[in-house]
Amino acid sequence: MKRLFLIIPISLCLALPACKKASGPANLKSVQPNNNLDSTVIMTATINGQSWQADSAFGYYVQNSGNDTGTQNLLITATQTNTNPPTTITFNIYNYTGPNTYLINPPNNTAAYYVGNLRNFGRSGHITISSDTAYALKGTFTFIAGADTINSGVFNVALP
């Protein structure tokens, strides 16, 4: 019994250093306004002659369901919530390979403009990725979705 009282404290002293949090890439700054890595995370456009600016903009890499394809898709979503109803612009680029001009040609490369729950698919236009840096994706876009004309679009989203 006396050995047990000796073994437990020694085991705790040996186990406690293993609980230390490892430092790593999580302690680096992400892409946020004014953090010296990128100046803005934004999406703006002109929709039917009216200025539009997103409250939030995000980029995501989406892997295909087949493990062996090596294909990577890019999804960009931006939402303006201070309007009633909220509006959203989304892009899906199939087989994203880096900076390039991607024509909107559903179902491969798509653009959509949402007004509340009403979705208007882009039927023509383009998405140009001009910069794919270590921190952000930057580009421009123009497309027609239903009766809506979205042009002069510019985005700068955090690299997924």
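Residues numbered from 1 in each chain as written. Predicted model: local features only at pLDDT ≥ 70, side-chain atom pairs only at ≥ 80, totals over all residues. Heavy atoms only, no water.

Chemist: Which residues make up a nonpolar patch on the surface, and what values go with them?
Modeler: A cluster of nonpolar residues, Phe-58, Tyr-60 and Val-62, forms a patch on the protein surface that exposes about 270 Å² of accessible area. Within the secondary structure, Tyr-60 sits in strand β3 (residues 56-63). (Patch = residues over 30% accessible without salt bridge, like charges linked within 9 Å, V, L, I, M, F, W, Y side chains within 5 Å. Areas by Shrake-Rupley, 256 points an atom, 1.4 Å probe, with all protein chains shown as cover. Salt bridge = Lys/Arg side-chain N within 4 Å of Asp/Glu carboxyl O. Helix = DSSP H or I, 4+ residues; strand = E, 2+ residues; numbered from the N terminus.)

Chemist: Outline the environment of His-126, listing residues and values.
Modeler: Within the secondary structure layout, His-126 lies in strand β8 (residues 118-132). Look at His-126 and you get partly exposed, because its relative accessible area is 27%. Residues within four places of His-126 in sequence aside, it is in contact with Thr-101, Tyr-102, Leu-103, Ile-104, Thr-140, Phe-141 and Thr-142. (Buried < 20%, exposed > 50% of the residue type's maximum accessible area, 1.4 Å probe, protein only. Contact = heavy atoms within 4.5 Å.)

Chemist: Which residues make up unusual backbone geometry, and what values go with them?
Modeler: Geometrically, the link from Asn-84 to Pro-85 is a cis peptide bond, its omega value of 0 degrees lying close to zero. With respect to the helices and strands, the residue Pro-85 is situated in the loop between β4 (72-80) and β5 (87-93). A cis amide bond links Pro-106 to the next residue, Pro-107, at an omega of 5 degrees. Looking at the secondary structure, you find Pro-107 in the loop between β6 (100-103) and β7 (110-115). A positive phi angle is found at Asn-48, which is not glycine, with a value near 50 degrees. Turning to its location among the elements, Asn-48 is positioned in the loop between β1 (42-47) and β2 (50-53).

Chemist: Give a detailed account of the environment of Gly-70, specifying residues and quantitative values.
Modeler: Take Gly-70: it is sitting in the loop between β3 and β4. Along the backbone, Gly-70 and Asn-95 are 25 residues apart, and their C-alpha atoms lie at a distance of 8.9 Å.

Chemist: Can you break down the nonpolar core residue by residue, with the values?
Modeler: With 26 residues, the main nonpolar core has Met-43, Ile-89, Phe-91, Phe-141 and Phe-143 as its most contacted residues. At the level of elements, β1, β4, β5, β7, β8, β9 (136-145) and β10 (148-158) are the ones that each hand at least two residues to this core. With four residues, β9 is the single largest residue contributor to this core. If near-sequence neighbours (up to four positions away) are discounted, Phe-91 is found in contact with Met-43, Leu-74, Leu-75, Ile-76, Thr-110, Ala-111, Ile-127, Phe-141, Phe-143 and Phe-155. (Core = buried A, V, L, I, M, F, W, Y, C linked by side-chain atoms within 4.5 Å.)

Chemist: Quick one: what's the story with the packing of aromatic side chains, residue by residue and with numbers?
Modeler: Throughout the structure, instances matching the rule amount to eight aromatic pairs. Aromatic side chains Tyr-61 and Tyr-96 sit 6.2 Å apart centroid to centroid with 35 degrees between the ring planes, which places their arrangement in the tilted category. One end of the pair, Tyr-61, is in strand β3; the other, Tyr-96, is in the loop between β5 and β6, with 35 residues separating them in the sequence. Under the relative-accessibility criterion, Tyr-61 is labelled partly exposed at 28%. When its relative accessible area of 7% is taken as the criterion, Tyr-96 is described as buried. Grouping aromatic residues by their ring pairs yields a cluster made of Phe-91, Phe-141, Phe-143 and Phe-155. (Phe/Tyr/Trp six-rings, centres within 6.5 Å; stacked < 30°, edge-to-face > 60°.)

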